[in-house]
Amino acid sequence: MGLRFTLAITGASGSAFGVAALRRMSASPLVDQVALLLSPTGKRCLLDETGLTPKDLAALPKVSLRDERDLGADISSGSHRHDGMAILPCSAGALGRIASGVSETLVSRAADVCLKERRPLVLCLRETPLNRIHLENMLRVHDAGAVVMPIMPGFYSGPKGLDDLFDTFATRVLDQLGLPEADSRRWKG
Ligand SMILES: Cc1cc2nc3c(=O)[nH]c(=O)nc-3n(C[C@H](O)[C@H](O)[C@H](O)COP(=O)(O)O)c2cc1C
């Protein structure tokens, strides 16, 4: 059986980073399935910033949409096996819900399940500047087992444009999920 991942896009700027990660997961021969979920504001940001709809993303191979309101979805249960979840971008609101264990949406419930089942959870926060609550919440989720990976693309690979930046950051997220890819943009020393 191939790898199965969950990717969530929440209501923060930078949904193009999430789309880049999703495209790479979808194209990977190692991946069997990607469960995609978007918060309501995540859908809005996706449309505003990329012109894409959830339906467009669900048309990618191996990607299937989950309804954010459906707390009975497969990824809501620890008995459903998968290989990890990334929230990209992750809003400060989503971070706060996860940090305080408030599992009232499918995004926060699926993340909560990853933490309790000790599965990889990568939270790509996008907010600036950061207040004390954000900083404390980052530490809380870190201590609970999540990888806190704010959207901070590297420039050492000599990006030729925004797509290069999206892809380089997406590669680093996939590394954290255990989906390593050959990538010409990796630092060679
Ligand atoms: C256009 C737009 C852009 C936003 N950008 C951000 C952002 O970059 N970071 C953030 O933490 N919140 C941002 N917000 C606010 C969140 O979307 C809001 O707090 C929301 O309740 C988060 O919930 P969600 O995580 O379920 O999407 C933005 C909202 C809108 C409408």
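Residues numbered from 1 in each chain as written. Predicted model: local features only at pLDDT ≥ 70, side-chain atom pairs only at ≥ 80, totals over all residues.

Q: Talk me through the site of the ligand; I want residue IDs and the actual numbers.
A: With respect to spatial proximity, 16 residues lie near the ligand, and among them Gly11, Ala12, Ser39, Ala92 and Gly93 are the closest. The set of elements that each furnish at least two residues to the shell around the ligand consists of α2 (40-50) and α4 (92-99). Looking at the shell around the ligand element by element, the count peaks at 5 residues for α2. Counted by class, the shell around the ligand contains 4 nonpolar, 8 polar and 4 charged residues. (Near = placed C-beta within 6 Å. Helix = DSSP H or I, 4+ residues; strand = E, 2+ residues; numbered from the N terminus. Nonpolar A, V, L, I, M, F, W, Y, C, P; charged D, E, K, R; others polar.)

Q: Provide a residue-level description of the environment of methionine 152, including the pertinent values.
A: By the secondary structure assignment, methionine 152 is in the loop between β6 (147-148) and α7 (162-177). Distance in space between the C-alpha atoms of methionine 152 and methionine 1 is 33 Å, their sequence separation being 151 residues.

Q: Pulling in residues and values, what's your account of the pairing of strand β4 (residues 85-90)?
A: Of all the 6 residues making up β4, 6 are buried; the element is thus mostly covered by neighbouring parts of the structure. Note that strand β1 (residues 3-9) and β4 share 3 bridges and pair parallel. Within the sheet, the bridge partner assigned to alanine 8 lies in β4 and is isoleucine 87. Alignment of β4 against strand β5 (residues 121-125), held across 4 bridges, turns out to be parallel. Residue pairing in the sheet places isoleucine 87 in a bridge with leucine 123 of β5. (Buried ≥ 20, exposed ≤ 12 C-beta atoms within 10 Å, placed from the backbone. Pairing = 2+ DSSP bridges.)

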